[in-house]
Each structure stands twice: as C-alpha cells, then as structure tokens.
Amino acid sequence: MATIIPSIDILGGTTVQLVGGDESKLKVDGGSPIPIAKQFNIAGEIAVVDLDAALGKGNNRDLILQLLPIAECRVGGGIRNVETALFWLNAGATKVVLGTAAVPDVLKQLPKERVIAALDALRGEVVIHGWQTKTGQTVFDRIDELKPYVGGFLVTFVESEGRLEGIDLDMVKKLKEAVSDDCELTVAGGITTLEDLNVLHQLGVKGQVGMALYTGVISLGDAVSVGLTSDRPDGLFPTMVVDEQNQALGLVYSNKESIALAVTEQRGIYYSRKRGIWRKGESSGATQELVKIRRDCDSDALCFVVKQTSPGFCHLNRWSCFDVETGLSKLARTLTERKAHPVEGSYTNRLFNDPELLNSKLREEVEELIEANTKEEITWEAADVIYFALVRAINEGVTLEEISAHLNLRSLKVTRRAGDAKPPKVPVVPTFSTLKKVNPDSILSQAAQAPVDPDAMKIAREIVEDISKKGEVALRSHCVRLGDIQEGEPLIWDRAEMEKQFLALPIEQQQLLQRSADRVRKFAESQRGCIKDLATPVQGGSAGHLVDAVAVAGCYAPGGRYPLPSSVLMTVITARAAGVENVFVASPRPNQLTVGAAYVAGADSILRAGGAQAIAAMAYGIEGTMPASDVIVGPGNKYVTAAKALVSGIVKIDMLAGPSEVLVIADSSADPAIVASDLIAQAEHDPDSSAILVAVAVQDSWVDSVNAELVAQLAVLSTRDIATLALVNNSYVVRVETIEEAFSISDKIGPEHLELHVDNASALKEKPRHYGGLFLGHVSAEVLGDYCAGPNHVLPTRGTARYSGGLSVFTFLRVRTWLDISATDKGAHSLVQDCASLGELEGLAGHASAAKKRLALTENSNDGSDEASVVRRYIRPDFESIPPYTPIKPLEVVAAEVGLKVEDLVKIDANENTYGPVEGIKQAISNYAHNNIYPDPGQAELREAIAKEFKVTSDMVVAGTGADDLLQLFVTLSQGRAIVSSEPTFGMYSFLASIADRKYVNVPRNEDFKVDVSALITSCQYHNASLLFLSNPNNPTGDILSREEVARIATALEPFCLFVLDEAYAEFANISCIDMIKDHPNLIIMRTFSKWAALAGLRVGFSISHPSLAAYIDKIKQPYNVSSVADAAARAALANRELIMTTQVAAIITERERLYNELGKFSWLKPHPNSQANFILCKTTGISAFLLAAKLRKEGVLIRYYSNSRLSHYLRFSVGRPQETDALIKVLQNIDQDITLLGKEYLGQVEAVLWDMDGVLADVSGSYRKAIISTAAHWGVQITMEDIETIKAKGDANNDWVVSMRLIHEHSTQRPTLAEVTEKFEELYQGTESQPGLCATETLIPSHELLQDLLSKYPKMGIVTGRPIKDAKKFLTAFQLDKYFSVVVAMEDTPKPKPDPAPVKLAMSKLGVKTAVLIGDTPDDLNASTLAKIGSIGALVGKGAATPKALAGLHNANPLTVLTDLEQLRELLL
C-alpha cells in the first residue's frame, strides 16, 4: 500500500482545495471528481470529504456514490450519527471519518477497524466547529479517550492546512507513539515534499495530501514510488502485468520514471532494459489502460492491473505471454473468432450457416453419448456433444461464460424428490449489492449452531450401520449406488496406481505438488519437534508422559464442485510427520490431482469412496485390505460430518466441520479490493459458507468501497453464483469503534479463518483467543493457508474454535502418563498414607486397601539412602540414556593400563600432529608472562591475524576453545529444529544435538563414504532443518566435498538452514571454501590449530562467517573462552604458518601415502583410498576390528576403534612421523604371522558364554521360519526360506514380527499393521484350542552333554534372544535348559533389539563379567557383540542353515570363527 492518501474535497459538486478550511479562500477548483478519483485510485485508497455536508449546507451524496465503484474511498464530512456512518460503509466506503461525532456512544455502534476519528489540531489543541472553537483538550488526550473505539486517527494540522508550509515531523512522531500499533495514523496539513512522505513511510504513518497534488508541488506518480526498494544492481522493479481477471499477461520491469509516467498517463508504461521507456501498444495497438498498481510484501516488486486490448499482451499476438488457454476456453475463443471471421470451406462455418444440420448433428451426438459404454467411447462422444453445443450457443450469441453461469445455477440447492422425473427447479440467484449490516450487540448474543444436520444424520446412520454389520459387501453396494465406482471396479488404488497417475500429470503440476508438500511437511515436522516427552519429580518419585502416534489414520478428501488436493497434503503429510505408520485416503471419484497429491504426501492407498460410506469404511476397516483407523480426519459435506459424529467414540475424529467461514477484521489501512477478494474466496466454497466483515473505525465510504469491489469482482467471477448466494444469505458487515470490540465479536463467533487487515497486525496475534487459523496483515491471505504456506487448513467451524483447534500433528498423537514411586524415595510413605486416607474418605475400601499394602514397603523412605535417585530429580531425564562422548584417554592412564612407559607408547589415535609445535610457537608460550591477567575477551589481535591470513575481515572471525566450543555455540544459536549430518563423521555433531535435546537426522554416506548430496538436501528440506554439519575433509573417512557440491548445498539450504563446514583437516587437503562465504550468508567455516599447528593441548580454533552471523556467535560465546597462552601460541602459529606447511604438513602428507601402501600389504586390512586428512580409515576382513585394536593397544600402539554399527569393522590410523609408522607396521607384521592367535588369546580370557536362542539353541526352521511364511500367506503373500535368509543377512532383522511385516509390505500392496501381523504370527506359533502351534515343532540343537561340559568351565552362561520372554521360557522349560543359563535377556528387556549392543551389555551386567563370547547365527547377533566389545562365534547349525549366502553374511561380520556343528565348540572353548 502507498503511503500517500490522495484527498478529494467536494464543494458544490466540484473538487476544491481551500486554505485553512475557509471556503472563501478557494485555492483550487478541480472540476468533476470522477476522473480525479479514477487516477488517484491507481495509488490505492483515497480520501473523499463532503465539505457541503460538513458545513451543513446540503451534501454531495449522489456524486460520492458514483465514486465508490471507481476507487477505494474513505469517506468523511458531515457524518454526525450512526445511521450516516453505516450508510457509507454499506455503500462501499473502505472507512468512514468522524469528527465531532467521534464519541464513544456513537463509535461503539460501528465496526472499529473501519472507523477513523478526525482530530483537527491547532498547535496541539483539538478545535471544532470549522476550527473556530477550542476544546481545551490536547490531541493526545483525545487519542487516549477514543483509542479503544477506532481503527485509526486522522490528525489535521490546522495551522498548516492548505498552506504548503511543511509538516511538524516531531509532532508526528509523538502522535505515532500515542496511537500505538493498534491504530492507523494518517496526518494532513502541510505535506509538501516527497521527503515528507518518505519520513512518514519510515514512521508507518500515512499522509493525506490535497493541495500539494492539485498545485503540482507533489506528483502522484512520484508519490506512488515512495517506499519502494530494489535489490537489483540496475535499480529496476520486476513488474507482473495482469488483466482485470488477474490472469498473468507478462513479466516486465519498471523504474521510478516509468511508474510516474504510467500514473500520469494512466496507461501501461514500463522500462525496457534495451529500449528505455516503453509505452505498451504504442506500435502494435495493443494498448493498456492502467487500473491499479500493487506492490508485493517486500516492496521490491510490482503488479500492474490493466485493461488489455486485443489481440493481447504477447508480441506473438496472444492474450498472454504464458499461453495459458486450454480446453473449453480455447475452444470457445476459436469458435468466437471463426464466427467473427469465417473461414471458407471449414466445417464450423458450415454449421454456423446451416441451423438444420447443426441441430441434427447435436441430436445425433447426444444419442451416441447415451449409447456409449466404454470409458473411451464416452470420452469421445462427450467431446462431440460439447463441440456441437458450443457451436449452437455461439451461433446465437451465447458465450461460454454465460453457459458456465447457468450450469452453476443448476448445481445450487436443487430440490430433488425421490421418483420425481420432472426437471429440477433452479433457484434464482439473488443480485448482490451490499453486505447486510448487523449490530454488534446481536452478534455477541447469537448462539453457536448445531454441528450436524438432522436430515443428513438420518441418512448417514443407515449407511454407517449397514457397513458396520455387512462390511465390504455393504460398502461396495453404497459406493456403486452413489456413483463412487462402477460395478466391478476396485475399491482401493494402491501405491503403484497412485504413482502411475502422478506421473501422468503435467510436470509443472508434479513439481507444484512436490513444492507444496515440502512446505506443509516442514511446518508439520517443526510442530512435531516441539512436542517432547516429560519427566518431573513428584512426591515419592517421578512422573511424566510419553508422546506417541496412533497406528492408523484415515484422511478424507472432498470431491464435490472443486476437488481439493491440498486437503490430501494437509492431512496425510501431517499424519506422517506425527509418526503414523499407516495412512489411508478416502475420496469420491478422485481426479488425477487428488491421486497425485496422495502419492506425494505418502498415503498407503486410496479408498474410492465418499460421504458416510467412506467414513464408515475407515472406522470399521476392510478385512484383509485396510485396517480400521484410530483417527479419521479431513473436511467434507454434511453427510461426512454426520458420519464422523456417529463413529466418534469408536475412533477419534478431528472435528465436525461445517461450511467454510471467514471473519475479516479490517481498519482503514486495509485495501477494500483485497478485503472483498478474501470475502469472496470463502463465499465461493459453498452457498452455505459465510464471510463476515468487522470494520474498525472506518468511514462509510470504506464500507461502500468494499461493497463496490464485491459487486465488481463478482461480475467477472466464474463461481459468482455460489459466492453470491453465500454473501447474500450468510454474510454481513458489522462496524465497531475499537479493535477490542472487534476481537470480542470474533471470540464469540470463533471463526474458522480470522484475518487481521489492520496496521501492525503481527503485534496483535496474541489478542484474539478463539479461531481456527489466524492470518496477520494485508499479505497473509487465507488462501495461502488454504493451499501450501505450511499451517494446516483443516480448521474448526461453527464456533467450535472456542474449545478446539485445527488439524495438526497433535491430532494424531497420544499423551500417555506414567508414575514411578520409589520405596526408598523421601516422601513416598506420606504419599501412600494420604492415598489410603482419601480412599477411606470416598468410601472406596479397595482403593484404601491397595494403598495400605504399600505402607510397609515405604516405611524407610525417609532415610535418604537412595541419594542417586534424589539427585536424578534435578537432571533432565533424557540425560540418563545419552551416551557420553568418548574422548581419547590420557597417555599416563593408558600406560598404566597396558604396563608400559609413556615414552614407549605410539600415539596415533587422535589425529594430532606428532611433530609438536615449531620453535616459534614454543618461544611464544614460554615468553608469555601475564597469566595472572584475564585474556582478551574478544581475541582482537588473534582475529586480526586470522583475517589477514585467510583474506577476510576481522568482523567475520570468532575465536573459540578448539572447535567443540564453537560447534556448541552454533547449536545454541540455530533455531530449535532438526540438526542434520552425514555419518560416519565427527561424533561431536550428534552428541551436541542430543545434549541440546534437538532432533538429529543422519543422512548416511554412500558405500564409498561419499556424501549423497541430493539425499542430504532433500532430508534437510523434509525435516525443515535449521543446522547442517559437514566435515571437509571428513573425519574419519578422509573424503572431501568439491566446491561445487558445497555451493549446491549452501544454495539449497540458504532460505532456512545454517551450514557449518568443518575444515579441521583442510591444511592436509589443500582445499577451502572460505571465499564462498561472500555468496552464501548461511555458510560457516570451522578451523582449528589442533591438527596442522600441533596445538591440540591448548584448544584453540575459530569460525569464519558473514559479519552479521559472526556478531551473533560472538554475542553468546563465553568472553574469556581462549586462554592467553593459547591466544599467543595461535598467533605465533599464524606467523610461522608457511614454515609449518612446508615442513611438518608436507611431511605428513608424504607419510600418509607411505602408510596407505604399507597397510594395503596385509590381506586382512583394506585402507580407504584417497584420504585427504592426516589419517587413514581401514577396514578389517576376517578379523575383529575390536580385537585387533585391543592387541595393538596391548603392544603400545594406540589407534582409534569406533563402537558404532557403520564402523564396527574399521580402524583409524593417524598419520605420524616415519618412526611411528615403522612401529605400527612392525606390530602388524607380528600379528600377520598367525592371525588366529588373536582369537585364541581372546578366548583364553573369556569369563562367560552367551547364546542366541533361535538357530543356535533351537532349530526354528519349522516354527518361527514357518510362522513367517504362514503369516505372509494369510495376506496372500508367498514367501520362501530364501526370502527370509536374504532379509536376515541384511541385518536389523532380529524381530520376526517385524520381519514378517516387512516381507508382506515388500511383496504386495497389503499394508497390515505390526499389531495385526503380530496377532496372526502368535496365533500360528502358539496355536489355538483346535490347532497345535508351530512351537511344538522346535527341537534342541546342542546336546545336554555339551551344555553341561561348557557350564563346568564357564559357570556363567546366559541367553540373549529376540524372542518374547514367555516364548523363551517356554522353550527352556520344554527342554529342561534352565539349569544351564543363569540369565535370559529377551525382547522386553531393552528398548532396541540386536544389532544394538544393549541386550548383550545387559546380559554381561547381570552375569557380572567384563569379557564374554556370544554364539549367534545372524549378522545382527555378531554385530551386537562387536558393538558391545566382545568376541563372537558364528553358528550355522540348524537344518540347511549353512547356505553360501548365510556363510558370507556371517563372515562379513568378522566373528572369531564360523561353526557348522556345535560340537566344534569343544575344541574352541574346552
């Protein structure tokens, strides 16, 4: 919106400008106001003042009414009562301006946001009666009195009015502070220059200008440009040109000169980068009349609304450069042109000239359509009918638009009677003229409407009850009867069909759906991220809640007049973001866009049903095809609403939605055209929709302008009949004086959509209380929320927003509370006593007894013996499960543990520079003599030195205690959304995310450890990440990202995510991206002195980033984070950088090549190629990496072993000096002489033997394996033993219930839930009364003699199994095995199964041992052992178990050995 409010003062039917308001001092006689209003309207809202009415000498009402359809007018002058104010608001005035009538009793009866109080001030004192009478009140007193009742103030400086003497800007500033952000402030009197307007723009104040415009002191064309800014080097403004229907015609450019000319000449004038000023149509004749200039939200782009003449905008003689006409519109345009310009010999021309032939062909084609049977035939014949019908219509002068309007009439409120064959009567659509006026008091007293239509409920009940009893048979019957499907068609479309239809969409529609889905997903993911589990101390222990998603969600997508693919995105994506496992969509006759949206959103399948039958199907499920839903969501018609009410209680529903509704609160700052368009946008949904306008302190003319805009916009709207019915029957305007009154009305109504078209709307977002979705400001259109801005558009209607919210991830979540009372916790005893007493008071003896039985357990709870549990009350609960970061142990500790001297250790485990600091650094350290003084908190000298070395400015540099200090600052600084990295990588990234309680997303590197850049970007976008960590070169793999890859990532993430590129090892790779910061403000480069400069012990590093970003980092860092000695040493390192790089770093790079070649000589080591750091990652084959690391450590060679699943078979060797390489190779050569000694040495130290159960103790080929096959068969899926073997070999397959579900999902379109699969699996395995279970087929693999002999040597033996504990105990009892095993760890005992090490570690803890060996038959078993840092023995000993694939899978897990007969354990262990 422009800052300027051009003013039209009307006296005696003509436009005038008076000096000082004195009619005797006529300065300007401008003639008729109509052409002036037309030009002024280009800039936006205008002020119209009826001076005759103000002076009590008649009025200019009829003339002003002619202005309202032309321009957006705030009307003032002579409005002295409520009736007059309402008249102008109803007539279409955007606002009304009240002077002496602006008193609370009057203002309370008007819509606040559409009322402006006019205050005439003479040197700060309010004057009235034509400025002749002083009131004794200051303008500030008057503002304070009226502020609650108006949406804005017009303050006129009487002493300056009409005199062109300038404006008192200091006074304006004070006035702006006085009116606050709740009200719009407009000032008048003395505005003389563009600079005046510029200052007003900066203050957020509008300037009402009259005299300066009429006398030419200020040009309207120049004034329109005030506040515009360009981000282009050439200063141009991108300008979208649209016609009056808002169809895009073309994209051009403007500058301030062309804008001024366009406004002055009232035509389309632009700026060509080749030709300069460009008057559109000057040569082609396709001229444009300029209607309005709009600007975008950032005021750096424009939209010209024009009346375009033929042949159109495009130089190719097309209406639009975008060539968007297709289908019926294109056909109608072609036929119209053929009618106007006949083409000899054409068939269309023949039809135009032969009415009998045309009528005959039309009858013929209709008959052929009736007789058509197949889809192809119907498509063909329908196209013929449409063609001939259009020829007939256009030949008689009937346009396609008129036909469409008639069709819309027929579709509205048609009364249909069962069995009545007469044509339905079409109600006449009323003519809209103005919104009806409603008194605020009547709004406040109205009652909420009932959510369910009684007639719809009756019909829905019959359908729901029928489907609940008869299932799919009844569902199919209703779907065929109601036209959802044809007889024999499938009810369900699976993912494959959804994908097919998605790919058949035009590519631009596919991309639109993808972009929209990404935005919705980002918001939903962010919502989910803010919902946390809770743990809090309570008397006697702790309590909390766990948040988890439901298992199945059903999402309804409306069909109707306008299918809504956006509803599919909003519901399905939100369910997925919440964590729902199975999501289904139901929609009547879904079109390709709806199906494509379901595919993009991630739906499992689509039920081709609508109405009550769809809701019933989702509530009760379709046996074998679609499980019953836990939650049903999505908007629909009254039958959907009724059915949801019926099934509520059986399933959770989101809401009982009614017709769409919007409430717009607008003050005089609002554009009546935009307000009107937003009202229409809701009205066009349905004849029952409602659009309510609450106008705050506006003039009558403003309301009249809205009404005029509604009339004008409806006239060209394709859906005008629907919108008109809604506007006439269900919509109204109510006027209030204050924003508080407006909010009071809104809160009573509780609208689905609430728009605030008021000044500084963002500051008011916490004021209204009851609404579904809130849209702040003039740009935040409700339609943006309807489609794809992010927040959900499934919102409560009919006033239910007063007690419920819209659809969100919360809809799909369950909050489950827990209580944990400790017998030894202080306060437990008194808590139990109080509960017993309350039970007795309530007369519930059983309750009291249950409490009393715990009194004895808590008798000693006050002695404080369990201090650890008391301390845990004060600590964040998730810290219990966060594993600590594992640093390198000090040399003195390691030396003591392995029994060697420190100087005998070879330390190549921490990527340090083993050469040590150069002499210059040592001298700087020894010479520093001020350790008693705090260091420089800002490290000014160090930052200057870094800036000089890396060719940046010092304000881009922040110094830190090594890298970790700064990494934590980045986590703190970034918004609290997901943190992303690509593992394997530096473990500190995930650790910092966990201690900050942030969601951490790992995008795994490829098999060759390269970053999958596309997947990384997609993941960051999908999870709406706020921080990305990448190490370059990567630790521990040594791989690098190219500069092109870094630029691609930074560019993709720039709109929403910080990108930290950790270049700790850059000196060894001769690569850096520091210079790229200038192009990527989200890029932060991390560096350290630890590696290249050998300052790891002093902990000093730094970041380089955009100066603004660096300022934030510096703001939150500890002031003395870098010690004085570290500061001095780092500066010395920079001074000696060239020496270090050419000696030490160069030597390390040379030694890296040598170490790589030496490691490659061992058959059981595979060094990772092309390391660009000071280390080499190496894979072990045929040997346990953990055991090799332990052996090297025992020999005094310290290297890095990683206890995580991806790197459990890898070691990292830091590159040291040649002598350290020699020492390492010597030890490896000794090991190579007999590699089996490693395993033998380890087995000689074993304290306990751990056993997997299935496939090791129990032969389950006829039980568990058969249960998997039979469970899959239940869902029609054929699974073989080889399929099971394959999925087991891949790992992460320890739970056979999960394995069964995965196989079913992989081999079919069926999507049973885990609970359903588990139920069937257990039924087969355990058996029923009539059918013995498969568990009866299990046999024992090892002999009792072997187990007894092993128990004699290893008294501590345990079982680690993925079975449920009841199944495990059942097998142990059946084969009398309890005596051998003192510990059994089963499925329920740990949060995660193998390959997670937790079950193995738990078993060792219960046995009280530090070393053990586990015998297992899957990679999961062996990998769990490795991660638990114990050895493993592979065992393929069941019937047919030792297949080549199974053997290869176990050998890849690097066990000590693989057995095919358990008797071989005698040689290994006995």
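Residues numbered from 1 in each chain as written. Predicted model: local features only at pLDDT ≥ 70, side-chain atom pairs only at ≥ 80, totals over all residues. Heavy atoms only, no water.

J.: If you had to explain the overall build of the protein chain to someone new, which residues and values would you point to?
T.: Helix and strand counts for the protein chain come out as 56 helices and 54 strands. Oriented by its inertia axes, the alpha-carbon framework of the protein chain measures out at about 120 × 95 × 90 Å. Within the protein chain, the fraction of its 1470 residues that count as buried is 54%. Partitioning the contacts of the protein chain with sequence separation of at least 6, the portion at a separation of at least 24 is 71%. Roughly 63,200 Å² of accessible area belongs to the protein chain as shown, and the carbon and sulfur atoms make up 52% of that amount. Here the protein chain holds 147 positive side-chain charges and 183 negative ones, and the gap between their average locations is 1 Å. (Helix = DSSP H or I, 4+ residues; strand = E, 2+ residues; numbered from the N terminus. Buried < 20%, exposed > 50% of the residue type's maximum accessible area, 1.4 Å probe, protein only. Contact = heavy atoms within 4.5 Å. Areas by Shrake-Rupley, 256 points an atom, 1.4 Å probe, with all protein chains shown as cover. Lys, Arg positive; Asp, Glu negative; His and termini not counted. Charge placed at Lys NZ, Arg CZ, Asp CG, Glu CD.)

J.: How would you summarise the sheet that holds strand β41 (residues 1101–1104) if you had to cite specific residues and measurements?
T.: Within the open sheet, the seven strands sit side by side as β35-β41-β40-β39-β38-β36-β37. Their pairing is mixed. Here the strands that pair on one side only, and so sit at the sheet edges, are β35 (957–960) and β37 (1000–1002). Across this sheet, the average inter-strand angle for adjacent strands is 20 degrees, counted without regard to direction. (Pairing = 2+ DSSP bridges. Axes fitted to C-alpha atoms, helices over the stretch in contact; angles between N-to-C directions.)

J.: Please provide a residue-by-residue account of the packing of aromatic side chains, values included.
T.: Under the defined criterion, the tally for this structure stands at 21 aromatic pairs. With a centroid separation of 5.0 Å and 75 degrees between ring planes, the pair formed by Y387 and F388 is classed as edge-to-face. What makes F388 buried here is its relative accessible area of 5%. With centroids separated by 4.8 Å and ring planes inclined at 25 degrees, the aromatic side chains of Y934 and Y1120 adopt a geometry described as stacked. Taken as a pair, Y934 in the loop between α35 (919–927) and α36 (940–950) and Y1120 in the loop between α41 (1107–1116) and α42 (1124–1135) lie far apart in primary sequence, 186 residues in all. Members of the aromatic cluster, each reached through a chain of ring pairs, are F950, F1089, W1092 and F1102. Above the ring of F87, the side-chain terminus of R61 is found at 4.1 Å from the ring centroid. Above the plane of the ring of F313 lies K280, whose end atom (NZ or CZ) is 4.7 Å from the centre. (Phe/Tyr/Trp six-rings, centres within 6.5 Å; stacked < 30°, edge-to-face > 60°. Lys NZ or Arg CZ within 6 Å of the ring centre and 35° of its normal.)

J.: So what about the pattern of salt bridges? Which residues, and what values?
T.: Tallied over the entire structure, the rule returns 53 salt bridges. Residue R476 is joined to E472 by a salt bridge in which the shortest nitrogen-to-oxygen separation is 3.8 Å. With R476 and E472 both in helix α19 (residues 472–481), this residue pair falls four residues apart, about one helical turn. Under the relative-accessibility criterion, R476 is labelled partly exposed at 22%. E472 gets classed as partly exposed once you look at its relative accessible area, which sits at 37%. For K907, the salt bridge goes to E912, with nearest N and O atoms at 2.9 Å. Beyond isolated ion pairs, a larger network of salt bridges with shared partners links E949, E1063, E1067, R1087 and R1137. (Salt bridge = Lys/Arg side-chain N within 4 Å of Asp/Glu carboxyl O.)

J.: Kindly report on the side chain of E741, identifying the contributing residues and their values.
T.: Looking at the secondary structure, you find E741 in helix α29 (residues 739–749). Here E741 occupies a buried position and makes no salt bridge, while the nearest side chain of opposite charge, K112, is found at 6.8 Å. Discounting residues that sit within four places of it in the chain, E741 has contacts with L107, K108, P148, Y149 and V736.

J.: Please give an account of unusual backbone geometry that cites residues and values.
T.: At the junction of N1032 and P1033, the peptide bond is cis and its omega measures out at 0 degrees in the coordinates. Residues other than glycine seldom take positive phi values, yet N317 does so here, at roughly 60 degrees. Inspection of the secondary structure puts N317 in the loop between β18 (302–308) and α12 (327–340). The backbone of R589 sits at a positive phi, close to 45 degrees, despite the residue not being glycine. Residue placement: R589 occurs in the loop between β24 (582–586) and α23 (592–601).

J.: Describe the nonpolar core, listing the residues and the values that go with them.
T.: Counting residues in hydrophobic clusters, the biggest one holds 157 residues, and the most contacted among them are F1089 and W1251. Residues I8, L119, A262 and V664 belong to the second largest nonpolar core, which totals 133 residues. (Core = buried A, V, L, I, M, F, W, Y, C linked by side-chain atoms within 4.5 Å.)

J.: Tell me about the sheet that holds strand β42 (residues 1165–1167), and name the residues and values.
T.: Sheet architecture is open: four strands sit in the order β42-β43-β46-β45, paired in antiparallel fashion. Either end of the sheet is taken by a strand with one partner, and the two such strands are β42 and β45 (1200–1201). As paired elements, β45 and strand β46 (residues 1210–1214) share two bridges and run antiparallel to each other. Looking at the pairing, Y1201 lines up with L1211 of β46. Contacts from helix α44 (residues 1185–1194) reach β42, β43 (1175–1180), β45 and β46 within the one sheet, and its direction differs from that of β46 by about 35 degrees.

J.: Quick one: what's the story with helix α34 (residues 891–898), residue by residue and with numbers?
T.: All of the buried residues along α34 are V894, A895 and V898. Projection of α34 onto a plane perpendicular to its axis shows the buried side chains occupying an angular sector of 100 degrees, all on one side. In α34, the exposed residues that point more than 90 degrees away from the buried face are E892 and A896. Buried positions along α34 lie against α44 and β44 (1197–1198). (Arc of directions from axis to C-beta.)

J.: Summarise the packing of helix α27 (residues 700–715) against helix α28 (residues 720–730); cite the residues concerned and give the values.
T.: It is at 9 Å that the axes of α27 and α28 come closest, and there the two elements cross at 155 degrees. Judged by the angle between their axes, α27 and α28 are roughly antiparallel. Our pair here, α27 against α28, has a crossing hand that is left-handed. Within the contact between the two elements, α27 uses L710, L714 and A715 and α28 uses R720, A723, T724 and L727. Residue composition of the contact of α27 with α28, by class: five nonpolar, one polar and one charged. (Parallel < 35°, antiparallel > 145°, perpendicular 65-115°, else oblique. Left-handed = near helix turned anticlockwise from the far one by under 90°. Nonpolar A, V, L, I, M, F, W, Y, C, P; charged D, E, K, R; others polar.)

J.: Residues and numbers for the confidence of the model for the protein chain, please.
T.: Mean pLDDT for the protein chain: 87, with 94% of residues reaching 70 or above. Here residues 408–427 is modelled with pLDDT under 50, and outside its nearest four sequence neighbours on either side it reaches 23 contacts, counting other chains as well. (pLDDT = per-residue confidence, 0-100.)

J.: Could you give an account of the side chain of N41, naming the residues involved and the relevant values?
T.: You can see N41 is positioned in the loop between α1 (33–40) and β4 (46–50). At 3.4 Å, the side chain of N41 forms a polar contact with the backbone oxygen of I70. Not counting chain neighbours up to four residues away, the residues in contact with N41 comprise I46, I70, A71, E72, V291 and K292. (Polar contact = N/O pair within 3.5 Å; in protein donor to acceptor, adjacent residues only side chain to side chain.)

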